[in-house]
Amino acid sequence: RDLHSFPTRRSSDLNSLQVSQPQFTAYDAANKQFFVSNPFMNEIDVFSATQETEIATIPVPMAWGIDVSPYNGSLYAGTLIGDLYQIDTSTLTVTNRYPSASIGPSGFPVLTALVLSDGRLALQGTAYLGILGVDGFGGSAVWDPVNNSLDTGTNGSVCNVGNEGTIALSGDRSEEHTSELQSL
């Protein structure tokens, strides 16, 4: 079912998703719910897969790339401002906010966070002095939230391609894949 047809609970807006288009969607199979990042409403909308209705909103400033962890069940959300949020998918509350300056030894602005099979996060950075999605995105890195180590390619686990167009994981979540964006 198209997410644009889900009714919302806002009295001032009969369907906020028509006003502010969602960016990313992640499915939580354990709790049978969809998460939809809605950056211009500063929230992540939560929809019940069984009831087909919006059941909650989670306040996250400028939420962008999201993913549900098969490792611990958390939802991770990168933002347009570079901070990273960890959300409990059972209680639908923010459990951790990682300011971009605190990610790794020198900081890393996170636009999208995808969870690898070992619990580390494949991160795509925010755009460097460019227009989001037009001039490409910032580089990629793999971050370990347990020890705050950040691999930007020196260990061979990340292959930055310049103007990144998108980031994805392999089916088994063991590898990060990026594409290059070419301007005409």
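Residues numbered from 1 in each chain as written. Predicted model: local features only at pLDDT ≥ 70, side-chain atom pairs only at ≥ 80, totals over all residues. Heavy atoms only, no water.

Undergrad: Help me understand the packing of aromatic side chains, please; the structure alone is not making it clear to me.
TA: Describing an aromatic ring pair means giving the distance of the ring centres and the angle of the ring planes. Taken as a whole and judged by the stated rule, the model has 3 aromatic pairs. An angle of 65 degrees between the planes, with centres 5.8 Å apart, marks the rings of Phe24 and Trp64 as edge-to-face. Separated by 40 residues along the polypeptide, Phe24 in the loop between helix H1 (16–19) and strand E1 (25–28) and Trp64 in strand E5 (residues 63–68) bring together distant segments of the chain. Residue class for Phe24 comes out partly exposed when judged on its relative accessible area of 30%. Summarising the aromatic geometry, the rings of Tyr98 and Trp143 are spaced 5.1 Å apart at their centres and angled 75 degrees between planes, so their arrangement reads as edge-to-face. Within this pair, whereas Tyr98 is found in strand E8 (residues 93–98), its partner Trp143 is found in strand E11 (residues 140–144), the two being separated by 45 residues in sequence. There is no split in this pair, since Tyr98 and Trp143 are both buried. (Phe/Tyr/Trp six-rings, centres within 6.5 Å; stacked < 30°, edge-to-face > 60°. Helix = DSSP H or I, 4+ residues; strand = E, 2+ residues; numbered from the N terminus. Buried < 20%, exposed > 50% of the residue type's maximum accessible area, 1.4 Å probe, protein only.)

Undergrad: Can you walk me through the pattern of salt bridges in this structure?
TA: Side chains that carry opposite charge are capable of pairing whenever their charged atoms lie near each other. Applying the stated criterion across every chain yields a total of 3 salt bridges. Between Asp67 and Arg173 there is a salt bridge, and its shortest N-O distance comes to 2.7 Å. One end of the pair, Asp67, is in strand E5; the other, Arg173, is in the loop between strand E13 (164–169) and strand E14 (176–180), with 106 residues separating them in the sequence. Its relative accessible area of 22% is what places Arg173 among the partly exposed residues. For the salt bridge of Arg120 with Asp118, the shortest nitrogen-to-oxygen distance reads 2.8 Å. Residue Arg120 is classed as partly exposed on the basis of its relative accessible area, which comes to 25%. Accessibility expressed as a relative area gives 40% for Asp118, which makes it partly exposed. (Salt bridge = Lys/Arg side-chain N within 4 Å of Asp/Glu carboxyl O.)

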